[in-house]
Amino acid sequence: MSSGWVILIVEHNHVLHAIASADEALEMLFANWPVTQGRAFFSAMQACAGTMAGGVTQREAQSAFLAAAVDAKVVFRLA
């Protein structure tokens with residue numbers, strides 16, 4: 001099943017993480033994110049979690065996750 005995400009390569013703590021879905025992004029936000037406060041972080045958490053209920057699209061969740069990455073100064077690239 002295609003998630004609709006473009007693969008993101010996130011570099012955090014000198015480790016590369018491939019993020020290909022809202023579920024994977026949510027896991028990273030919960031477990032391994034440098035900034036756990038602020039509007040961008042909470043919007044990304046809400047958007048990624050919202051995909052499970054169907055109220056948020058994968059693309060919307062990806063956009064929110066990218067905004068959180070920019071806000072947290074996490075290096076990423078699209079693959």
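Our structure is the block above this text.
Model, not experiment: these values are computed from the prediction. Along each chain, numbering runs from 1 in the same order as the chain's sequence is written. The predicted nature of this model means local features are confined to residues of pLDDT at least 70 and side-chain atom pairs, given and counted, to a pLDDT of 80 or more, with totals for whole chains, interfaces and linings taken over all residues. The basis for the side-chain values is all heavy atoms of the structure; hydrogens and waters are excluded.

A. View of the environment of A79. Tracing the backbone shows A79 in the segment after β3 (75–78). Sequence separation between A79 and L8 is 71 residues, and the spatial gap between their C-alpha atoms is 6.0 Å. Runs of H or I in DSSP of at least four residues are treated as helices and runs of E of at least two as strands, each being numbered from the N terminus.

B. Structural context of the nonpolar core. Working definition of a nonpolar core: buried Ala, Val, Leu, Ile, Met, Phe, Trp, Tyr and Cys residues. They are joined through side-chain atoms within 4.5 Å. Buried, partly exposed and exposed residues are distinguished by accessible area as a fraction of the type maximum, computed with a 1.4 Å probe on protein chains only: under 20%, between the cut-offs, and over 50%, respectively. W5, I19, L29, W33 and F65 are the most contacted members of the largest nonpolar core, which totals 24 residues. At the level of secondary structure, the elements contributing two or more residues to this core comprise β1 (8–12), α1 (22–31), α2 (39–53) and α3 (58–71).

C. Spatial organisation of the packing of aromatic side chains. Note on aromatic contacts: the rings of Phe and Tyr and the six-membered ring of Trp form a pair at centre separations within 6.5 Å, being stacked when their planes are under 30 degrees apart, edge-to-face when over 60 apart, and tilted otherwise. Summed over all chains, the structure comprises two aromatic pairs. Taking the centre distance of 5.2 Å and the plane angle of 75° together, the rings of F41 and F42 count as edge-to-face.

D. Inspection of the packing of α2 against α3 at higher detail. Axis lines are fitted through C-alpha atoms, for helices just across the contact stretch, and the angle between N-to-C directions can take any value from 0 to 180 degrees. For the pair α2 and α3, interaxial distance at closest approach is 8 Å and the crossing angle is 155°. Compared by their axis directions, α2 and α3 come out roughly antiparallel. Once α2 is placed against α3, the crossing between them reads as left-handed. Each of A40, F41, S43, A44, A47, C48 and T51 in α2 lies in contact with α3, whose residues at this interface are Q58, E60, A61, A64, F65, A67, A68 and D71. All amino acids are sorted into three groups, where Ala, Val, Leu, Ile, Met, Phe, Trp, Tyr, Cys and Pro are nonpolar, Asp, Glu, Lys and Arg are charged, and the leftover types, Gly among them, are polar. In terms of residue class, the contact of α2 with α3 is made up of 10 nonpolar, three polar and two charged. Working rule for angles: under 35 degrees goes down as roughly parallel, over 145 as roughly antiparallel, 65 to 115 as roughly perpendicular, anything else as oblique. Crossings are sorted by hand: turned counterclockwise from the far helix by less than a right angle, the near helix makes the crossing left-handed, and turned clockwise it makes it right-handed. Contacts were defined at the residue level, with two residues in contact if any of their heavy atoms lie within 4.5 Å.

E. Quick look at the side chain of T51. The residue T51 is located in helix α2 in this model. Judged by its relative accessible area of 15%, T51 falls in the buried class. For T51, the contacting residues outside a window of four places in its chain are A22, V56, T57, Q58 and A61.

F. Examining α1 more closely. Along α1, the positions that sit buried rather than exposed are A22, A25, L26, M28 and L29. All buried residues of α1 fall inside an arc of 160° around its axis, so they share one side. Turned more than 90 degrees away from the buried face of α1, the exposed residues are E27, F30 and A31. Summarising the geometry, the arc corresponds to the directions from the helix axis toward the C-beta atoms.

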